[in-house]
Amino acid sequence: MAVSIASARTVSTDPVLSVNGLKVHFFTRRGVVRAVDGISFTLHKGERFGLVGESGSGKSTTALGIMRTIQEPGRIVDGNIALYADDMVVDLASLQPEEMRQRRLADVAMIPQGSMNSLNPVRRIVDHFRDSILAHERNVPDRQIIERMHELLRMVGLQPAVARLYPHELSGGMKQRVCIALSICLSPKVIIADEPTSALDVVVQRRVMETLAAVQERLHAAVILVGHDMGLLAQFVDRLGVMYAGKLVEIGTVRQIFDNPLHPYTRLLIDSLPTLEQRGVFRGVPGLPPSLLNPPSGCLFYPRCPSRMEICQHVAPPLVEVEPDHWAACHMYQGEGRQEVVA
Amino acid sequence: MSWRHVLKRFGMFLFVVWGAATLNFFLPRLAPGDPVRQRLFQMSTTGGFTQTGVEEMVAEYQAKFGLDKPLYEQYFNYLLDMARFDFGYSLTLFPMKALTLIMDALPWTIGLLFVTTLLSFVIGTLLGAIIAWPRAPKWVEGLAAPLLTLAAIPYYLLGLILLYVFAFSLQWFPLSGGYEPGTRPTFSFEFIVDAIQHSILPALSIILSALGFWALGIRGMMVTTGGEDYMLYAETRGLRGKTIFARYGLRNAMLPQVTALALSLGNIVSGALLVEVIFTYPGVGSLLFAAIQGADYFVIYGIVFMVVLAIGLATMLVDLAYPFLDPRIRR
Amino acid sequence: MSSPAMPQETLVTTGATTRWSFGRGFRGWVRRHGKLSAGLTIMGVLVLFSALGPLYVDTGDAQPMSAMPDVRPSWEYPFGTDDQGRNLLAVAVVGLPLTLLVGLIAGAVAIVIGTILGITAGYVGGVTDVVIRGISDVLLTVPGLVVLITIAASIEGVISVGLMALVVSSLAWMWPTRTIRSQVLSLRERSYIQMAKLSGMKTHEIIFFEIMPNLLPYLAASFVGSVSAAILASIGLEALGLGPQNEPTLGMTIYWAMTFNAVLRGLWWWLVMPIVLIVLTFISLFLISAGLDEIANPRLRKES
């Protein structure tokens, strides 16, 4: 495997965020779309966790769900989101809107996907910082805000002069780094990065990822990196969660997943990654993801699975720990000892 | 804001004014017959003097009004006159100059228009924005339907309804005019109160309908703005609802709203003129009406010219102010 | 084996209640497009009134000296009569379609011109675009009614309804041009247009088969807007006395009512008839336009 994997870092075993049985459904005119249908995973302090899957797998919806910014006609219908903050555990899913608003940015921050349009076109960058900080800390004097902003801009590699500019005067990469700076301005415990580099070219991509890594190290924050590019994710994260059709099908360290991919879908994904040595035909993953409107019973990967069995059509496989800290939802491993979720 | 741009915009303004003046010049000349001769014949039949001598009078007038000179010379003199706002003499109230009549009526119209446009725009925009905001109290939704109804009714029809109900039937307000007939306009307190009383119904006719228009406009813009990425990101950063509403939502929705204002000035003025006619309000509208009825062409053209000038000027000012609202458009 | 990607159209129960607006069919459509339905209904009633009216009333009675003057609404004269002896019910039956006709003609002319100019400006771009946009923007700032007054006042003799419509439409094409042009501009950059170009489609083919179908909601909304503006302008002109003097249109009725001081003499029915009909017309046009707007811009719809 020619993908360079992030060097092993020491990661704490204390949890900072624990998602349990999260379900996000969209109630549309045509029916109920089960975008996220029972996701569970645990994020540890200072850890980098990658959430990978193809379009429509539910990874972005999971991120929005954690932030509680799901918009109509979607709703969180089940599950809890345990945040371990200041010696207590808070269930984000059951907070009142105003309480959740206070938690956003201060405890859990998100770097948005399309930073092209995520900044208010009629407000300067410095005003974005003022808005963000004052929304949570009421009486901070302006001078302090400016100081903090300059420090943050430096951390992401931007000149202080950027502060006076309007968003349309910045390039895509600069805007994305401003978003990173905004996300960390209150030193949150969890940073969710939703495809932060999709709209950028490769060179800028690397710069942004390096910035994100540096920032994360500085703050000892945990990061959930959502994306569809396995190769990119593998170079950054410690652990990976593979999503398919609204469910997690495999969780493990990057090493584990690349050395020994358990779920057939994961295998196909890894096989489709181009390498420098490989010549010949590239294989994608044949077929289309299922409709989430009225999902069939049984394993959702059944129609596309090269290793499918009779039982797969009728019974949905639960996520089980196949080897230590390596979980997969596949009937091929069900004979092993059962263990219920939460990696 | 570069001087080049300001100059360019001013040039556009002059172009419009010139175009209107030229149209004013050529249109009546395209129609058969000429106003002076017609007018004199009209006067002669009503006044009862004989046909003889009318031709000489026509010739006299033509010489006086320069109608016997070649076309291009007439046009050139006409443009010069326009530049000096010399519209000629009123045919019905000769020897009053058209400009005098217009200048007497203009303050009333400007006052009415300024107040009504300001009030309806500000109140309407705020109302519409609140209606569009999902976290607004429930009863606010109920305002949408009546506002829509009002917006659909033309100002002058609303004026007729208000006139009949409140002035005639209930007699709460005066029936016509800008002030009690017989009083002389002064800057005294009584006169001002009287003037305001007379202007309430005309103002309401405009305000109520325009309010609906602005409210519905901003409501649409707020919905469009609401779907923008920066709104979601603002919520993601945990900004307060009020901040998001005012600084992220309304502030951005205002941009197309202001553009709409600049573009509807023509319609607003047209509507206001008709309202004046209904209430016999002593503004430019009533003057125009009287001029049409009396075939007082010079007054008509003078008014048209002034109105185009005023609206062109106002539109230009709004246009030039736009970059201050939208930093993406800095010339 | 299975067909994974086909969405299934079923009536789905969400929670305890089944919302019938989820259903297909007529009722569901009406529920979803409330404004449009309401507007079309009102317009339908008005059109029906105009069409069936002549069966109940002699249209000749819309001329002066057909009935006793100044009669209040009664069983014999449901809308009353005016000062010159016109049966106002007959006037309504004759005048409403005339007013609607003016709006229709002017609106149609305006939309045709607007579409041609808008598509040309938007698609061709360049100097053509600058010229068209310049002219239409400049003309937009001119107060239409005032210019129309000039034109109408300069026309000698009696104006016919058709002429009115043409005069009005001469200043109604700018807004559709603007709207359609901006739509074409945004459509032009869409991928499927690029694809069409690359696959060798000719320009006029692209315009007719790719762009026009997507413009339809905007064309419809612009058309309704033009009709509305045209009726507004024509009634304005008529109310000032600049309309067709021999035709009992709704605007002329208002003019006669004002000239003969209907308000001061308490002849309310003379004004109520045209006002109510005109207001209903505008409300219906407004609702239709808002409804079409919702179709064009789905976010404006209230999703249940």
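Residues numbered from 1 in each chain as written. Chains lettered and ligands numbered in written order. Predicted model: local features only at pLDDT ≥ 70, side-chain atom pairs only at ≥ 80, totals over all residues.

Structural notes on the overall build of chain C
In terms of helices and strands, chain C carries 11 helices and 0 strands. Ordered by position from the N terminus, the helices and strands of chain C form the series α-α-α-α-α-α-α-α-α-α-α. Per-residue burial for chain C yields a buried fraction of 44% across its 304 residues. For chain C, long-range pairs separated by at least 24 residues make up 69% of all intrachain contacts whose partners lie at least 6 apart in sequence. (Helix = DSSP H or I, 4+ residues; strand = E, 2+ residues; numbered from the N terminus. Buried ≥ 20, exposed ≤ 12 C-beta atoms within 10 Å, placed from the backbone. Contact = placed C-beta atoms within 7 Å.)

Observations regarding the interface of chain B and chain C
In this complex, chain B contributes 45 residues to the contact, which on the side of chain C involves 33 residues. For the side of chain B that touches chain C, the elements supplying multiple residues, two or more each, are helix H1 (3-30), helix H6 (144-152), helix H7 (155-169), helix H8 (189-226), helix H10 (241-279), helix H11 (284-293) and helix H12 (297-325) of chain B. Take the side of chain B that touches chain C: its biggest share by element is 8 residues, from H12 of chain B. Per-class residue counts for the side of chain B that touches chain C are 34 nonpolar, 11 polar and no charged. (Nonpolar A, V, L, I, M, F, W, Y, C, P; charged D, E, K, R; others polar.)

Brief notes about the interface of chain B and chain A
Opposite the 19 residues of chain B that make contact, chain A presents 24 residues. For the side of chain B that touches chain A, the element with the most residues is helix H9 (residues 229-236) of chain B, which contributes 6 residues. Its residues assigned to classes, the side of chain B that touches chain A comprises 6 nonpolar, 4 polar and 9 charged.

A few points about the sheet that holds strand S4 (residues 74-85) of chain A
Residue and element names in this part refer to chain A. Strand order in the open sheet made by the 4 strands is S2-S1-S4-S5, with antiparallel pairing throughout. In this open sheet, the two strands that pair with only one neighbour each are strand S2 (31-44) and strand S5 (88-91). Across the sheet, the mean angle from the axis of one strand to that of its neighbour is 10 degrees, orientation sign disregarded. In the sheet, S4 pairs with S5 via 4 bridges, with the strands oriented antiparallel. Following the sheet pairing, Ala85 is matched in S5 by Met88. (Pairing = 2+ DSSP bridges. Axes fitted to C-alpha atoms, helices over the stretch in contact; angles between N-to-C directions.)

Focus on the confidence of the model for chain C
Low pLDDT marks stretches whose predicted atomic positions should not be read closely. All names here are of chain C. Averaged over every residue, the pLDDT of chain C is 78; residues scoring 70 or more account for 87%. Per-residue pLDDT, averaged within each element of chain C, yields its smallest value for helix H5 (residues 144-154) (73) and its largest for helix H2 (residues 34-56) (88). Within the model, the stretch residues 1-22 combines pLDDT values under 50 with 35 contacts to residues more than four positions away or in other chains. With a pTM of 0.81, the predicted complex shows an ipTM of 0.87. (pLDDT = per-residue confidence, 0-100.)

Overview of the environment of Val307 of chain B
Checked against the element boundaries, Val307 of chain B lands in helix H12. Since 27 C-beta atoms lie within 10 Å of it, Val307 of chain B is described here as buried. In this structure, the C-alpha to C-alpha distance between Val307 of chain B and Ala20 of chain B, residues 287 residues apart in sequence, is 10.0 Å. In this structure Val307 of chain B touches Val269 of chain B together with Pro143 and Val146 of chain C, once residues within four positions along its chain are discounted.

Points about H11 of chain B
All names here are of chain B. The buried fraction of H11 amounts to 8 of the 10 residues, a majority that puts the element mostly inside the structure. Listed as buried for H11 are Val284, Gly285, Ser286, Leu287, Leu288, Phe289, Ala291 and Ile292. Phi turns positive, to about 55 degrees, at Ala295, one or two residues after H11.

A few points about the sheet that holds strand S9 (residues 239-244) of chain A
Residues and elements named next belong to chain A. Taken together, the 8 strands give an open sheet; going across it, the order is S6-S7-S8-S3-S9-S10-S12-S11, and neighbouring strands pair in mixed fashion. Only two strands of the sheet have a single neighbouring strand rather than two, namely strand S6 (108-111) and strand S11 (320-323). Taking the axes of each pair of neighbouring strands and ignoring which way they run, one obtains an average angle of 25 degrees across the sheet.

Some points on the pairing of S9 of chain A
Residue and element names in this part refer to chain A. Burial within S9 is extensive, with 6 of its 6 residues counted as buried. Of the two faces of S9, the one lined by Arg239, Gly241 and Met243 and the one lined by Leu240, Val242 and Tyr244 are each fully buried. Note that strand S3 (residues 48-52) and S9 share 4 bridges and pair parallel. Looking at the pairing, Phe49 lines up with Arg239 of S9. Bridge count for S9 against strand S10 (residues 247-253) is 6 bridges, and the pairing is antiparallel. Directly across from Met243, in S10, lies its bridge partner Leu248. Linking S9 back to S10 in an antiparallel pair, the connection comprises 2 residues, with Ala245 at a positive phi of about 50 degrees.

A few points about the packing of helix H3 (residues 88-124) of chain C against helix H11 (residues 268-296) of chain C
Residues and elements named next belong to chain C. In contact at an axis separation of 11 Å, H3 and H11 are set at 25 degrees when each is read in the N-to-C sense. One finds that H3 runs roughly parallel with respect to H11. Crossing geometry of H3 relative to H11 is assigned as right-handed. Residues Leu88, Ala92 and Leu96 of H3 pack against Trp269, Trp270, Met273 and Leu277 of H11. Within the contact of H3 with H11, the residues separate by chemical class into 7 nonpolar, no polar and no charged. (Parallel < 35°, antiparallel > 145°, perpendicular 65-115°, else oblique. Left-handed = near helix turned anticlockwise from the far one by under 90°.)

What about unusual backbone geometry?
All names here are of chain A. Here the amide bond leading from Glu72 into Pro73 is cis, since omega sits at 0 degrees, within 30 degrees of zero. Summarising the element assignment, Pro73 is placed in the loop between helix H1 (59-67) and S4. Backbone geometry places Ala245, a non-glycine residue, at a positive phi of 50 degrees. Structurally, the position occupied by Ala245 is in the loop between S9 and S10.

Considering the environment of Thr61 of chain A
Its location among the elements puts Thr61 of chain A in helix H1. Distance from Thr61 of chain A to Val24 of chain A, taken between C-alpha atoms, is 7.5 Å for residues 37 residues apart in sequence.

Thoughts on the environment of Gly31 of chain A
Take Gly31 of chain A: it is sitting in strand S2. As for Gly31 of chain A and Arg143 of chain A, which are separated by 112 residues in sequence, their C-alpha atoms are 52 Å apart.

With respect to the nonpolar core
Judged by nonpolar contacts, the single largest core of 263 residues is most densely connected at Ile192 of chain A together with Ile303 of chain B. Sequence-distant contacts of Ile303 of chain B, defined by excluding residues within four places in its chain, comprise Ile102, Val284, Leu287, Leu288 and Ala291 of chain B. (Core = buried A, V, L, I, M, F, W, Y, C linked by C-beta atoms within 7 Å.)

Some words on the packing of helix H5 (residues 98-132) of chain B against H10 of chain B
Residue and element names in this part refer to chain B. One can describe the packing of H5 onto H10 by two numbers: an axis separation of 10 Å at closest approach and a directional angle of 140 degrees. Regarding H5 and H10, the two cross each other, and that crossing is right-handed. When H5 is examined against H10, the residues Thr109, Leu112, Leu113, Thr117, Phe121, Thr125 and Ala129 are found in contact with a partner set consisting of Leu250, Gln257, Leu261, Ile268, Val269, Ala272 and Glu276. Across the contact of H5 with H10, the residue classes tally to 9 nonpolar, 4 polar and 1 charged.

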